[in-house]
Amino acid sequence: MKLVIRSLRAAIRSPFVNSRRSLTTSTSHIQTSNDANEDEIVKIFDSSDYWNKFNQQQSSDKTASNQTASIFDSLNFNSSRQKSVGLFCNPYLTSPKGLKRFAEESLDRARALTNHMIEDQSEKSMKSYIKELDRLSDMLCRVIDLCEFVRAAHPNSSFVKAAEQCHAQLFEHMNVLNTSKPLFVKLQKVLYDGKLGIRKTLSQEEISVGELLYSDFKKSGIDMDDATGEQFVQLSSYIATAGQEFNNNITIPQSNSIKIEPSEWEEGDINPECSKSISHGFDGSLTIPIYGHLPFELLRSCPNKIIRQKIWVALHSVPENQTALLTSLLSCRAILAKLMGCNNYAEYALQDKMARNSNNVVGFLRGLINDLQPEVLKELKMLYKYFPPGSVKENPTSEELVNSIRPWDREYLLTKHILSQKSSQNEDITQYFSLGTVVSGLSKLFHSIYGIKLIPQKLKPGEVWSSSVRRFDAVSDKDGKVGIMYLDLLHRVGKTPHPAHFTVCCSRMLDNAELDSKDPFNLSLPTTSTVETVVQKGKTYQLPVISLVCNYYGNKNNSGIICLTLEQVATLFHEMGHAMHSMLGRTALHNVSGTRCQTDFVELPSILHETFARDERVLASFGKHYETGKPVPTQLVRKHLESDRLLTYCETFGQVKMALLDQLYHGAGNCDVTDEAFDALGLYHQLESNLAILADTKSSWPGKFGHLYSYGALYYSYLLDRAISAKVWSNLFQEDPFSREAGEKFKNEILRWGGSRDPWVCLSKLLNAKELAKGDVKAMEFISKDSGPL
Ligand SMILES: [Zn+2]
């Protein structure tokens with residue numbers, strides 16, 4: 001049972017909640033005018049005076065802290081001035097000790113619930129079995145997800161240490177559950193025992209979740225004989241260790257320097273600034289270090305092709321043992337897949353994914369290649385102009401064009417192009433996109449397309465982990481509060497550098513029993529104090545809580561206001577797309593809520609939201625100068641977007657090549673990686689030269705492709721979602737990016753379902769394209785066709 005693995009995957013890119021049903025406080029905000037809400041958001045980020053005043057008003061509201069005061073007294077932490085309400089208003093989380101207590105109690109109740117589920121074989125228990133599995137999973141996920149978050153973002157090292165310990169402890173328990181035969185056997189009866197007839201009493205969502213868990217059990221090798229099981233465990237553990245090692249080694253260079261022979265260079269190849277860091281041999285040779293800033297500077301500025309090539313190859317190469325490690329990792333994966341009855345690892349990894357099999361994936365990628373090629377050629381033509389006059393043919397054929405631009409020419413030619421454009425100096429666009437302006441722009445957009453506003457909330461003592469965190473409630477015009485977001489966006493030492501969306505608590509329907517404090521599987525503190533709940537259509541739901549973590553630095557304009565580049569704006573929109581998926585998913589079971597859906601579908605909402613940040617109408621609708629309040633000139637936005645789009649087709653083409661390599665390495669196209677003659681680098685160079693464009697036939701780059709381990713045959717996912725997103729955009733939002741009708745459709749056909757409905761069915765309804773519902777090769781072709789720059 002990968003109950004928890006499911007959650008970890010969703011945390012790619014979860015909290016507790018207090019018991020206040022703050023629908024009432026929220027509605028008062030709804031009545032304020034649009035602009036007032038937007039202004040408030042701007043100031044909450046951009047003016048510390050305003051924020052302090054806003055947050056202080058809270059001290060007059062003592063009710064919530066008084067209610068829980070005795071609890072905090074007993075936990076004896078944070079006794080300074082005000083009592084802490086605990087991280088995310090979860091009263092356990094007032095201290096590292098409290099986190100441990102939360103983990104221990106959760107584990108204790110999870111064990112009790114497991115025993116109960118195994119012992120009770122009555123019909124009643126069979127009928128509620130999937131719901132109980134989901135509850136069990138939620139109990140563990142709430143701790144594990146929380147620990148994942150604390151490890152990545154909490155500034156207090158004792159908290160981080162406690163999170164690491166709790167994580168390890170619960171993770172181990174999860175592995176026990178994943179291989180629990182009694183749990184598996186009962187699930188088998190519930191789903192597939194025709195005589196018992198339980199299946200027909202279940203909801204469609206329960207059946208989906210049951211089947212997902214069933215296949216996860218099987219993937220954990222639950223029904224193997226002892227010897228095979230033993231082999232499975234050994235292989236899995238080797239793969240995990242070797243994979244980790246592989247990823248740790250990707251930055252180790254093949255060599256620290258390269259040598260340029262006297263005959264290979266001449267005066268003028270190296271600019272004086274770079275020359276200082278290069279050692280000149282007595283024989284006239286050069287030794288160039290392959291670390292720091294220098295090699296990259298030379299790739300941009302050195303007119304000598306041989307030097308650029310040697311540097312580029314060195315930067316993209318790894319020591320031989322890294323390639324050997326990759327080969328053995330791939331071969332163990334292939335053996336593991338065979339053990340599981342699959343022909344290769346790609347088949348094993350893809351069987352429950354949206355793309356289904358590697359034929360579909362390869363067909364999709366080939367479709368993209370055909371579609372991208374003409375545009376890539378245009379971009380190459382543009383670059384070609386910058387070769388020094390006389391060094392290349394004047395009117396090359398396409399083939400000559402492709403053959404003459406090699407990977408080590410790209411930066412050099414691009415830099416020349418950028419320098420030639422510099423005459424039309426662009427105004428600094430970041431000044432129009434202060435952090436507050438961007439978040440308020442998001443709220444404005446969400447209100448327009450989904451009827452959802454982000455309402456800033458005052459913080460309670462101890463609710464957040466850093467003074468720069470802001471809390472927002474997502475409030476719908478129709479349904480009131482739908483979820484809670486914590487935005488932790490500013491740079492802090494020790495924080496994860498990667499922007500990420502963490503689920504701290506998933507949306508889920510709560511049974512009456514769970515709300516009863518006498519229920520034996522509840523924690524000692526009442527459920528409603530550790531999660532915030534909301535009643536919708538007579539049913540009680542756990543409200544989703546997420547945390548968005550970015551690491552934005554302050555800008556240079558002395559104002560202390562953080563201003564974002566368009567790329568950073570797009571990143572925030574991307575992460576907010578994940579957040580909206582979490583907020584708007586409304587499923588009864590947490591295993592399929594919001595972002596807990598197929599790996600190759602989960603990026604659709606985020607990529608689609610990112611597209612809004614690349615649309616000049618959207619950017620112009622909220623971009624405002626941080627000082628003067630002047631709206632951003634559309635012309636300026638357009639110019640910046642255009643320059644951001646430079647070489648975008650080449651970029652995508654490069655991604656397609658990587659995704660194809662990932663398929664081949666994992667067995668697509670009958671490639672036998674267990675064969676002793678298998679040559680990982682040979683295969684890579686072959687693929688590169690077949691595809692010709694910017695072909696690398698020299699380096700050992702696959703040893704640097706860490707996603708080969710972490711994605712394992714799923715690297716295409718991002719491209720697939722980009723292609724789907726492009727279709728959704730052109731069908732729904734291109735004409736009017738503020739359309740409520742389009743937003744409602746996207747919400748109702750995609751976001752709401754989380755992982756509880758086949759993504760192809762979701763898409764066929766969303767795009768009114770019946771042929772998509774089957775999710776076959778034709779559907780994949782439909783997606784790759786006319787996909788644009790992605
Ligand atoms: Zn993402």
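Computed from a predicted structure; not experimentally measured.

### Description of the overall build of the chain
Here is step 1: Within the chain one finds 34 helices and eleven strands.
Here is step 2: Over its C-alpha trace the chain gives a radius of gyration of 28 Å, about what one expects of a compact globule, namely 28 Å for 790 residues.
Here is step 3: In terms of its C-alpha atoms, the chain occupies a principal-axis envelope of roughly 85 × 70 × 55 Å.
Here is step 4: Surface exposure of the chain reaches about 33,200 Å², of which carbon and sulfur atoms provide 50%.

### Digging into the pairing of strand 4 (residues 452-457)
Here is step 1: With respect to burial, strand 4 is a largely interior element, six of its six residues being buried.
Here is step 2: What you see with strand 4 is no split at all: I452, L454 and P456 on one side and K453, I455 and Q457 on the other are buried throughout.
Here is step 3: Strand direction decides the pairing type here: strand 4 and strand 5 (residues 470-476), joined by six bridges, are antiparallel. Considered in strand 5, the bridge of P456 is made with F472.

### What about unusual backbone geometry?
Here is step 1: Notably, C89 is not glycine yet its phi reads approximately 60°, a positive angle.
Here is step 2: Relative to the helices and strands, C89 resides in the loop between helix 5 (63-75) and helix 6 (96-119).
Here is step 3: We note that K537 has phi near 45°; this positive angle belongs to a residue other than glycine.
Here is step 4: Along the chain, K537 turns up in the loop between strand 9 (533-536) and strand 10 (539-542).
Here is step 5: Exposure remark for K537: the relative accessible area of 86% places this residue in the exposed category.

### Looking at the pattern of salt bridges
Here is step 1: Applying the stated criterion across every chain, the model contains 39 salt bridges.
Here is step 2: For the salt bridge of R109 with E105, the shortest nitrogen-to-oxygen distance reads 3.8 Å. Here R109 pairs with E105, and both are found in helix 6, just four residues apart, close to one helical turn.
Here is step 3: Residue class for R109 comes out buried when judged on its relative accessible area of 15%.
Here is step 4: Residue D409 pairs with R308 through a salt bridge whose shortest N-O separation is 2.6 Å.

### Overview of the environment of I724
Here is step 1: The topology assignment puts I724 in helix 31 (residues 717-733).
Here is step 2: In the structure, I724 is positioned 28 residues away from D696 in sequence and 29 Å away in space, judged by C-alpha atoms.

### Brief notes about helix 25 (residues 604-612)
Here is step 1: Here helix 25 lies mainly inside the structure; eight of its nine residues are buried.
Here is step 2: Those residues of helix 25 hidden inside the fold are in contact with helix 21 (435-450), helix 24 (566-584), helix 26 (616-622), helix 31, helix 32 (740-749) and helix 33 (759-766).

### A short note on the sheet that holds strand 5
Here is step 1: Judged by pairing direction, the sheet is mixed, and its five strands sit side by side in the order 4-5-6-11-7 without closing on themselves. Across the chains shown, the open sheet's two edge strands, defined by having one partner strand only, are strand 4 and strand 7 (500-505). On average, adjacent strands in this sheet sit at an angle of 30° to one another, irrespective of strand direction.
Here is step 2: Relative to the sheet, helix 8 (residues 129-153) contacts strand 6 (480-490), strand 7 and strand 11 (545-552), its axis offset from that of strand 7 by approximately 140°.
Here is step 3: Taken strand by strand, helix 21 contacts strand 4, strand 5, strand 6 and strand 11, and its axis lies near 140° from that of strand 4.

### With respect to the packing of helix 31 against helix 32
Here is step 1: Running from N to C, helix 31 and helix 32 point in directions that differ by 140°, and their axes come no closer than 9 Å. Taken together, the axes of helix 31 and helix 32 are oblique relative to one another. Counted together, V728, L732 and F733 of helix 31 and A742, G743, K745 and F746 of helix 32 form the full contact between these two elements.
Here is step 2: Looking at the contact of helix 31 with helix 32 residue by residue, the classes come out as five nonpolar, one polar and one charged.

### Some remarks on the sheet that holds strand 1 (residues 257-260)
Here is step 1: With antiparallel pairing, the three strands of this open sheet are ordered in space as 1-3-2. Among the strands making up the open sheet, the edge pair consists of strand 1 and strand 2 (279-280).
Here is step 2: Sheet topology note: the strand 1/strand 3 (residues 286-289) ladder contains four bridges and is antiparallel. The residue of strand 3 that forms the bridge with I260 is L286.
Here is step 3: Seen against the sheet, helix 15 (residues 305-315) touches strand 1 and strand 3 and runs at an angle of roughly 160° to strand 1.

### Looking at the coordination of the zinc ion
Here is step 1: Protein coordination of the zinc ion is provided by H574 (NE2), H578 (NE2), E603 (OE) and E603 (OE), with donor distances spanning 2.1 to 2.8 Å.
Here is step 2: Geometry at the zinc ion is irregular, judged from its four donor atoms and the angles of 51 to 139° they form at the metal.
Here is step 3: Note on H574: relative accessible area 6%, which makes it buried.
Here is step 4: H578 gets classed as buried once you look at its relative accessible area, which sits at 1%.

### Quick word on the domain arrangement of the chain
How big an interface is tends to be expressed through the accessible area that disappears when the partners come together.
Here is step 1: If you check the domain split of the chain, you get domain 1 (87-250), domain 2 (257-316), domain 3 (321-420 + 647-784) and domain 4 (430-507 + 543-598).
Here is step 2: Distance between the C-alpha centres of domain 2 and domain 3: 33 Å.
Here is step 3: The partner domain 3 presents 14 residues to the twelve residues of domain 2 that form the contact.
Here is step 4: Buried area between domain 2 and domain 3, summed over both chains or domains, comes out near 1,200 Å², and the portion from carbon and sulfur atoms is 63%.
Here is step 5: The three residues of domain 2 that bury the most area against domain 3 are R300, W312 and H316, which together make up 44% of that side's buried surface.

### So, the confidence of the model for the chain
Here is step 1: Averaged over the chain, the pLDDT score is 88; the fraction of residues at 70 or greater is 91%.
Here is step 2: Taken as a whole, residues 1-33 scores under 50 in pLDDT and shows 123 contacts with residues more than four places along the chain or in a different chain.
Here is step 3: This model gives residues 59-80 a pLDDT under 50, and the stretch forms 22 contacts once residues within four places in sequence are excluded.

### Some thoughts on helix 27 (residues 634-644)
Here is step 1: Turning to helix 27, its buried residues number three or more, namely L636, V637, H640 and L641. Looking straight down helix 27, one finds that the buried residues subtend no more than 130° of arc, so they occupy a single side.

### Overview of the packing of aromatic side chains
Here is step 1: Following the criterion strictly, the structure yields 27 aromatic pairs and no others.
Here is step 2: When the centroid spacing of 5.0 Å and the interplanar angle of 80° are considered together, the rings of F88 and Y486 count as edge-to-face. Residue F88 is located in the loop between helix 5 and helix 6, and its partner Y486 is located in strand 6; the two are separated by 398 residues in the primary sequence.
Here is step 3: Judged by its relative accessible area of 0%, Y486 falls in the buried class.
Here is step 4: When the centroid spacing of 6.0 Å and the interplanar angle of 55° are considered together, the rings of W465 and Y486 count as tilted. With a gap of 21 residues between them, W465 in the loop between strand 4 and strand 5 and Y486 in strand 6 connect regions that are remote in the sequence. Each member of the pair, W465 as well as Y486, carries the same accessibility label: buried.
Here is step 5: Through successive ring pairs, a cluster of aromatic residues spans F88, F149, W465, Y486 and F502.
Here is step 6: Above the ring of Y348, the side-chain terminus of K219 is found at 5.0 Å from the ring centroid.
Here is step 7: Taking NZ or CZ as reference, K727 lies 6.0 Å from the ring centre of F782, over its face.

What counts, and at which threshold
- Residues numbered from 1 in each chain as written.
- Predicted model: local features only at pLDDT ≥ 70, side-chain atom pairs only at ≥ 80, totals over all residues.
- Heavy atoms only, no water.
- Helix = DSSP H or I, 4+ residues; strand = E, 2+ residues; numbered from the N terminus.
- Rg over C-alpha atoms; globule rule 2.2 N^0.38 Å.
- Areas by Shrake-Rupley, 256 points an atom, 1.4 Å probe, with all protein chains shown as cover.
- Buried < 20%, exposed > 50% of the residue type's maximum accessible area, 1.4 Å probe, protein only.
- Pairing = 2+ DSSP bridges.
- Salt bridge = Lys/Arg side-chain N within 4 Å of Asp/Glu carboxyl O.
- Contact = heavy atoms within 4.5 Å.
- Axes fitted to C-alpha atoms, helices over the stretch in contact; angles between N-to-C directions.
- Parallel < 35°, antiparallel > 145°, perpendicular 65-115°, else oblique.
- Nonpolar A, V, L, I, M, F, W, Y, C, P; charged D, E, K, R; others polar.
- Donors = N, O, S within 2.8 Å, 3.2 Å for Na, K, Ca; no water.
- Tetrahedral: all angles 85-135°; square planar, octahedral: opposite > 155°, others 65-115°.
- Domains from an automatic or database assignment.
- Buried area = accessible area lost by both parts, 1.4 Å probe.
- pLDDT = per-residue confidence, 0-100.
- Arc of directions from axis to C-beta.
- Phe/Tyr/Trp six-rings, centres within 6.5 Å; stacked < 30°, edge-to-face > 60°.
- Lys NZ or Arg CZ within 6 Å of the ring centre and 35° of its normal.

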